[in-house]
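Coordinate analysis (summary)
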Amino acid sequence: MTRRDDDIPVELRDVAARLRALGPEEWELPAPPPLRATLAEQHAPAAHRRPARRRWRIAPWLVLRPALAAAAVLVLVVVGTGLGALIAGRDASPGAGREVALAAVGDGPRGAHAAARLRAATMQLTVSGLPRIGAGGFYEVWMMRDATHLVALGSFRVGADGRARVDLPVTASPRRFPVLDVSREAADGDPAHSGHSVLRSRPIDS
């Protein structure tokens, strides 16, 4: 037994002898796993590195790239615009975008006139030359097919100068009710046409 063995406790000498009997290869640690990037790649200039593709994870089962997202948005915008134009074209009234003139008729004062600018669902009416009505009456705007088929759009009053400008909803199709009519109405609660028309247009489709 060497002096070196004298320094080892008796209970561990058997273990020490077994360890000395092991060959050098038994003492070598296993090689570490290879690195994903070599040292040359790690120290390469940024300009020569291949950038990682950017992705957006929306859900665990869905990964979206920015380029694909931009293309999808563009397609949706184009399709939505086309559908909107198609729907608007179908819903637009035949007279939409036109300006329709109204001239004095019946009890209307000579020289009185109006212009109605039609849109898809609204109408702006500009009136001139009508006499002012007091609290007991007002003017009513109608779309009509004949004397018995009319649709009321709204009412208005004129100022001291005989002028007015009002925006009204177009609640009927000009194909079915092609004539615009302005009548003088009494504030008596009767919703029917009074028969006192003061302004009227030619049929819109004519």
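Let us look at the structure shown here.

What counts and what doesn't
Residues numbered from 1 in each chain as written. Predicted model: local features only at pLDDT ≥ 70, side-chain atom pairs only at ≥ 80, totals over all residues. Heavy atoms only, no water. Salt bridge = Lys/Arg side-chain N within 4 Å of Asp/Glu carboxyl O. Helix = DSSP H or I, 4+ residues; strand = E, 2+ residues; numbered from the N terminus. Buried < 20%, exposed > 50% of the residue type's maximum accessible area, 1.4 Å probe, protein only. Polar contact = N/O pair within 3.5 Å; in protein donor to acceptor, adjacent residues only side chain to side chain. Contact = heavy atoms within 4.5 Å.

1. Brief notes about the pattern of salt bridges
Under the counting rule described, the total for this entry stands at two salt bridges. Salt-bridge contacts for E99 lead to R117; the nearest nitrogen and oxygen are separated by 2.6 Å. Taken together, the residues E99 in strand 3 (residues 99–104) and R117 in strand 4 (residues 113–118) connect sequence positions 18 residues apart. Relative accessible area serves as the criterion here: at 48%, E99 is assigned to the partly exposed category.

2. Some thoughts on the side chain of S197
Among the structural elements, S197 can be located in strand 10 (residues 197–201). Of note is the side chain of S197, whose polar atom sits 3.5 Å from the side chain of H193. A polar atom in the side chain of S197 sits 3.0 Å from the side chain of R200. With residues near it in sequence (within four places) discarded, S197 still touches V105, G106, D107, G108, D181, V182 and S183.

3. Describing the side chain of D181
By secondary structure assignment, the location of D181 is in strand 9 (residues 179–186). At 2.8 Å, the side chain of D181 forms a polar contact with the side chain of S197.

Geometric values such as these leave the question of function open.
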